[in-house]
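# Residue-level structure breakdown
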Amino acid sequence: MSEKKQFKTESKRLLDLMINSIYTHKEIFLRELVSNASDASDKLYYKALQENINGISREDMDIFLSIDKEKRTITIEDHGIGMDHDELEERLGTIANSGSNEFKNALEKGVDNVDIIGQFGVGFYSAFMVADKVEVFSKKYGEDKAYAWVSDTSDGYEIFESGLDHHGTKIVLHLKDNTEEENYDEYLSQYEIERLIKKYSDYIHYPIKMEMTVSKKKEDSDEYEDVTEVKVLNSQVPLWKRNKKDITEEEYNDFYKSKFNDFTDPQRVMHNRVEGNITYDSLLFIPSQVPMNYFSSEYEKGLQLYSRGVFIMDKAKDLVPEHFRFVRGLVDSQDLNLNISREMLQHDRSMKLIADRIEKRIQRELEDMLKKDREEYVKFWKNFGMQIKFGIYHSYGMLKDKLQDLLLFYSANKKDYITLNEYVEAMKEDQKDIYFASGETVEKIDMLPACEAVKDKGFDILYLTDNVDEFCLQMLRDYKEKTFKNVTQGDLNLESEEEKKELEQKTTDHKDLLDAIKEALGDKVVEVRLSSRLKSHPVCLTSSEGVSFEMEKVLNAMPEAQGQNVKAGRILEINPNHDLFNALVNVNEKNADKVKDYASLLFDEAMLIEGFTIEDPVGFSNKITSLMIEASK
Ligand SMILES: Nc1ncnc2c1ncn2[C@@H]1O[C@H](COP(=O)(O)OP(=O)(O)OP(=O)(O)O)[C@@H](O)[C@H]1O
């Protein structure tokens, strides 16, 4: 008996998009369906191995394609695990797979761009880009009954009992009518299908067969005749098992894009065969763009795991360390036990050995890129550098030796990214520390008054713009015995002995003024002092040792902070060589009750420069207004 069912809302939207798609790479439908057939065969083969089922061999599990020009259909048939009634319903009636889930999320966010089809690899539903009716006949391994799932619109589908003489799945696509823009008939050409299989599915390790009509010379005659023969279209050698020398860049790129649902070529490809203690092939990629879901909890790190070409699992997370979680790829090792479970993998010695090698391999690739191709490395850094910095931070500095030379920071002098080593190499003779300053953007940091004196000395400053930066430096503690020094924190010791003495003298001379300002500001500041840090600016705010301003901002923005209100100790520093200082001295002598207003204005000014909001903006502007009026009298 047949039942008409409705698609779930998201599935309907996705299907509508497929049906009306103007996506130019419709040909990927074949790749998606063949991959599904291959996955279903893998599942059965894996089950047979685990449960010791006899009579299932990979050689018998071919994928069969056929074309019917009259009926305008393409059929894709596998001998895999198949689906029962409920599975047909669950898996084809709702959006379940990871790719389409992201697609769904993107749709919800209002991204209605057809190009994202390619990005997510929406699997089975891509059939509707080329077909207006899709029939799926399936028989689950070990069951007697077979079922059909049929749909010809996005409104719904039917499921009913139907015949299929073997376990597995047969999908029949009824091609859409040709339009002015689109010639669907091209998929009825055996050569086109052959080309698509070669392009996208050559490495599938089951034979993909098709009955082809070929023209052959008759025996003992010069005449030709059309004969049909079953031809295997794919080479079946997984790409990673082939010799590196024979693989073109395009092949790697196509493989990466189809396997990992990316629409841009990878930035780097690492293909290795390792023999010895442990034997494996690995094929790793560094994406050239940050995946859409990279910063969401949906992104899972990990590599695909194969044993002797048999797929074991999708995201073996222990194979890549957290700081390289952006790497995608696969590992195929004959040394792994096929029966291994996810839990056991964690403790498996071979897995540990492989993971160790993989980490070193990625590290080497990055070091190499940094050394030989700076432009590429900066591109990589902008995408994934944050991960490396988090690696140092999260490991409490334990990964320091491994990762510190991969770090890049923006240099005030070079106006470009530099490594810590480059900073130290370029340090002046009399420079003891590595200076850094933090802020929202490079431009804003560059304007910080506190940077001036350091720059004046010709010392370089690293400009930190990521939240994690200061925390990362804190974990590093030092680099080549040079400590990191925040230009807006603590004593910089930039002045000569003479300048120091002069400053001390001025501080003693104007103690009453400094005390009056401190009193006016109360516990808003821990100290008010004269500064040698400032050149052309009248005033700045620095923090005492411990929590810096940037840390204060980052920590308070974290959800965990929950109103704890972390606060850096504020020090108001005044430039004794600025005209404003003389004005303050004057006011203190002649009109002492005005010092309070001046102090408050100076403090607010300094707060604004540091990127904080001020407590009482109305009071601030009232005070400025009165000063302006007074000045004009
Ligand atoms: N030929 C098939 N044999 C058995 N099951 C299938 C077959 N084709 C599809 N399925 C089932 O339908 C589900 C949905 O398929 P779909 O292609 O949409 O997504 P997917 O393959 O899971 O994900 P992705 O395309 O992101 O790899 C699959 O997970 C699988 O369980």
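Treat the numbers as computed from the prediction; the structure is a model and nothing was measured.

## Topic: the overall build of the protein
A tally of helices and strands in the protein yields 21 helices and 23 strands. The C-alpha atoms of the protein give a radius of gyration of 34 Å, which is well past the 26 Å a tight globule of 633 residues would have. Taking all 633 residues of the protein together, 34% fall into the buried category. A separation threshold of at least 6 residues defines the contact pool for the protein, and within that pool the share at least 24 residues apart is 69%.

## Some details on the pairing of strand S6 (residues 156–162)
Here strand S1 (residues 3–6) pairs with S6 via four bridges, running antiparallel. For Glu3, the partnering residue across the bridge sits in S6 and is Ile159. In this sheet, S6 lies alongside strand S5 (residues 146–151) in antiparallel orientation, the contact comprising five bridges. Looking at the pairing, Val150 lines up with Glu158 of S6. Taken together, S5 and the strand that follows it, S6, pair antiparallel across an intervening segment of four residues.

## A word on the packing of helix H17 (residues 511–521) against helix H19 (residues 579–590)
The N-to-C vectors of H17 and H19 enclose an angle of 85°; their axes lie 10 Å apart at closest approach. Taken as axis vectors, H17 and H19 run roughly perpendicular relative to one another. Contact residues: Asp512, Leu513 and Ala516 in H17; Leu584, Val585 and Asn588 in H19. The residue makeup of the contact of H17 with H19, split by class, is four nonpolar, one polar and one charged.

## Quick look at the domain arrangement of the protein
The domain boundaries assigned to the protein delineate domain 1 (3–232), domain 2 (239–372), domain 3 (388–486) and domain 4 (497–632). Between the C-alpha centres of domain 2 and domain 4 there is a distance of 54 Å.

Definitions and limits used
- Residues numbered from 1 in each chain as written.
- Predicted model: local features only at pLDDT ≥ 70, side-chain atom pairs only at ≥ 80, totals over all residues.
- Helix = DSSP H or I, 4+ residues; strand = E, 2+ residues; numbered from the N terminus.
- Rg over C-alpha atoms; globule rule 2.2 N^0.38 Å.
- Buried ≥ 20, exposed ≤ 12 C-beta atoms within 10 Å, placed from the backbone.
- Contact = placed C-beta atoms within 7 Å.
- Pairing = 2+ DSSP bridges.
- Axes fitted to C-alpha atoms, helices over the stretch in contact; angles between N-to-C directions.
- Parallel < 35°, antiparallel > 145°, perpendicular 65-115°, else oblique.
- Nonpolar A, V, L, I, M, F, W, Y, C, P; charged D, E, K, R; others polar.
- Domains from an automatic or database assignment.

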